[in-house]
Amino acid sequence: MPVERIDIAHFRNITEASLTLAPHLTLVVGANGQGKTNLLEALYVILQGRDFRVASERDAIQLHESVATLTAEGRLGDHPVKWRHAIQRQPLRRLHSGPVVPVVLFSPEDVTLAKGSPEVRRRFLDLLLAPHDPHYARSLKAYHRVLLQRNRALKEAQYHGLIDDFTPLLIREGTYIWRRRSEAFQELLALAKPLHHELAGGEDLTASYHFGGAAHPVAGEETYRAEMQRRRPDEIVRQVTLVGPHRDDLEFFLNGQPAAGFASQGQLRTIALSLKLATYDWLAKETGMTPVVLLDDVLSELDSARRSRLLELVAQPGQQTLVTDTEARNFEALTPLIYHVGNGVITPWER
Ligand SMILES: Nc1ncnc2c1ncn2[C@@H]1O[C@H](COP(=O)(O)OP(=O)(O)OP(=O)(O)O)[C@@H](O)[C@H]1O
């Protein structure tokens, strides 16, 4: 079991908390807006070394405070482990130590995966890949830095001479990002398809990966470069880089029909659930570790077939899971360890 204990100080609305986590299932109950997701986020940050929720890490520091700290202790295999994560407001700094442990998070926002903005889908893949592939994390950072510089050069005529100086580096990093994303996505899809078939009563889930801004299929560096050259005149007019992974997108189809256009909320939720379940298997294989599962308020949104699929996953031996819910009844029988969150204060729940 990875995490045995977590200590939180000035993270979001949690001023101070020290809690023991169960080896299997820990339940966190509380009304809306009390800090359940904040606790789950703290655990995510400890295990992944980064946040899934914030535009700026500063947002996670408690209002009027200058530093947020998270520490945790636990065990990976036979080895005791410690984590520490600190975020400082001014100047913004983040310090992290401790091993990266795979996490699968199920949250109500997952419904936006198949229909929301393309950024949501790119982020889904980035959050899957970056924590476990340092090369990917570095490429992503380098890519966005070069992209910013190239876009600046496109905006100001006096720097137009520099545009093509940035292109080779952009293509090099971009190729790695695209390769990893598209391979991982094909593997995920192969895992998600049968899950979706089962959960959705035989419906067929397919998907395509679109290379950002390309009119022709991109198969590697050569075709990527050719697409960039083709859009080059447009870039001068539009003053922005038009081709590359910063514009990648995924498109989902149910029985051949584009899901974004016609799928119901329930169908969109099933696509997301199948993908997230697939992520669990993919991460387990990729990292050789059992992912920690975080279920944020999702049970009430699922019907009984989908709910039991999720509970099956949670019931696996050695599976550490943290669940949030507005009431205890869904999980009460499954765990002796229940916390209550009220206005950021976490206390043992009185049965
Ligand atoms: N940096 C911060 N400092 C202080 N409070 C914050 C900070 N960020 C968020 N909050 C507060 O945290 C609360 C939201 O907590 P959280 O998202 O964990 O709710 P929740 O219990 O999961 O609710 P729901 O069931 O509605 O999802 C809000 O009251 C918000 O104002």
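Residues numbered from 1 in each chain as written. Predicted model: local features only at pLDDT ≥ 70, side-chain atom pairs only at ≥ 80, totals over all residues. Heavy atoms only, no water.

1. Observations regarding the overall build of the chain
Right, on to step 1. Helix and strand counts for the chain stand at eight helices and 14 strands.
Right, on to step 2. The C-alpha radius of gyration of the chain comes to 22 Å, within 12% of the 20 Å expected for a compact globule of 351 residues.
Right, on to step 3. When each of the 351 residues of the chain is scored for burial, the buried share is 49%.
Right, on to step 4. Considering only contacts within the chain whose residues lie at least 6 apart along the sequence, 69% involve residues at least 24 apart.
Right, on to step 5. When the accessible surface of the chain is summed, it comes to about 16,300 Å², and 52% of that surface belongs to carbon and sulfur atoms.
Right, on to step 6. Taken as two groups, the 41 positive and 43 negative side-chain charges of the chain have centres that lie 5 Å from each other. (Helix = DSSP H or I, 4+ residues; strand = E, 2+ residues; numbered from the N terminus. Rg over C-alpha atoms; globule rule 2.2 N^0.38 Å. Buried < 20%, exposed > 50% of the residue type's maximum accessible area, 1.4 Å probe, protein only. Contact = heavy atoms within 4.5 Å. Areas by Shrake-Rupley, 256 points an atom, 1.4 Å probe, with all protein chains shown as cover. Lys, Arg positive; Asp, Glu negative; His and termini not counted. Charge placed at Lys NZ, Arg CZ, Asp CG, Glu CD.)

2. Brief notes about the packing of helix H3 (residues 134-155) against helix H4 (residues 163-199)
Right, on to step 1. Where H3 meets H4, the closest approach of the two axes is 9 Å, and the angle between their N-to-C directions is 145 degrees. Classified by chirality, the crossing of H4 by H3 is left-handed. When H3 is examined against H4, the residues His135, Tyr136, Ser139, Leu140, Ala142, Tyr143, Val146, Leu147, Gln149, Arg150, Ala153 and Leu154 are found in contact with a partner set consisting of Ile163, Phe166, Thr167, Leu169, Leu170, Glu173, Gly174, Tyr176, Ile177, Arg180 and Arg181.
Right, on to step 2. Classifying every residue of the contact of H3 with H4 by side-chain character gives 14 nonpolar, five polar and four charged. (Axes fitted to C-alpha atoms, helices over the stretch in contact; angles between N-to-C directions. Left-handed = near helix turned anticlockwise from the far one by under 90°. Nonpolar A, V, L, I, M, F, W, Y, C, P; charged D, E, K, R; others polar.)

3. Thoughts on the site of the ligand
Right, on to step 1. Near the ligand lie 16 residues; those nearest to it are Gly33, Lys36, Thr37, Arg53 and Ile61.
Right, on to step 2. In the environment of the ligand, an oxygen atom lies 2.9 Å from a nitrogen or oxygen atom belonging to the side chain of asparagine 32.
Right, on to step 3. Glycine 35 is positioned with one of its backbone polar atoms (N or O) 2.9 Å from an oxygen atom of the ligand.
Right, on to step 4. When the ligand sits alone it has 660 Å² of accessible area, and the protein chains cover 69% of it.
Right, on to step 5. Partitioned by chemical class, the residues of the shell around the ligand number three nonpolar, eight polar and five charged. (Near = heavy atom within 4 Å. Polar contact = N/O pair within 3.5 Å; in protein donor to acceptor, adjacent residues only side chain to side chain.)

4. Comments concerning the sheet that holds strand S4 (residues 67-76)
Right, on to step 1. The antiparallel open sheet is built from five strands, whose spatial order is S2-S1-S4-S5-S6. The outermost strands of the open sheet, each flanked by one partner alone, are strand S2 (14-20) and strand S6 (93-97). Sheet twist, expressed as the average angle between the axes of neighbouring strands with direction ignored, equals 5 degrees.
Right, on to step 2. In this fold helix H1 (residues 36-48) packs onto strand S1 (3-11), S2, S4, strand S5 (79-88) and S6, with an angle of close to 115 degrees to the strand it touches most, S1. (Pairing = 2+ DSSP bridges.)

5. Looking at the UniProt feature "binding site: ATP" (unreviewed entry) in the chain
Right, on to step 1. According to UniProt, the "binding site: ATP" (unreviewed entry) feature falls on Gly30, Ala31, Asn32, Gly33, Gln34, Gly35, Lys36 and Thr37.
Right, on to step 2. With respect to the helices and strands, glycine 33 occurs in the loop between strand S3 (25-29) and H1.
Right, on to step 3. With a relative accessible area of 72%, glycine 33 lands in the exposed category.
Right, on to step 4. When near neighbours in sequence (up to four residues on either side) are disregarded, glycine 35 contacts Asn13, Ile14 and Val341. (UniProt positions renumbered as here; feature names shortened; annotations may be inferred.)

6. Focus: the pattern of salt bridges
Right, on to step 1. One pass over the structure, following the stated rule, counts 23 salt bridges.
Right, on to step 2. Glutamate 41 serves as the salt-bridge partner of arginine 12, at 2.8 Å between the closest nitrogen and oxygen. One end of the pair, arginine 12, is in the loop between S1 and S2; the other, glutamate 41, is in helix H1, and 29 residues separate them in sequence.
Right, on to step 3. Judged by relative accessible area, glutamate 41 falls into the buried class, the value being 0%.
Right, on to step 4. We note a salt bridge from arginine 231 to aspartate 234, for which the minimum N-O separation is 3.4 Å. Taken as a pair, arginine 231 and aspartate 234 lie in helix H5 (residues 221-238) at a separation of three residues, close to a single helical turn.
Right, on to step 5. Classification of arginine 231 as buried rests on a relative accessible area of 15%.
Right, on to step 6. Owing to a relative accessible area of 33%, aspartate 234 belongs among the partly exposed residues under this scheme.
Right, on to step 7. Here the salt bridges share partners, and the residues they tie into one network are Arg12, Glu41 and Arg53. (Salt bridge = Lys/Arg side-chain N within 4 Å of Asp/Glu carboxyl O.)

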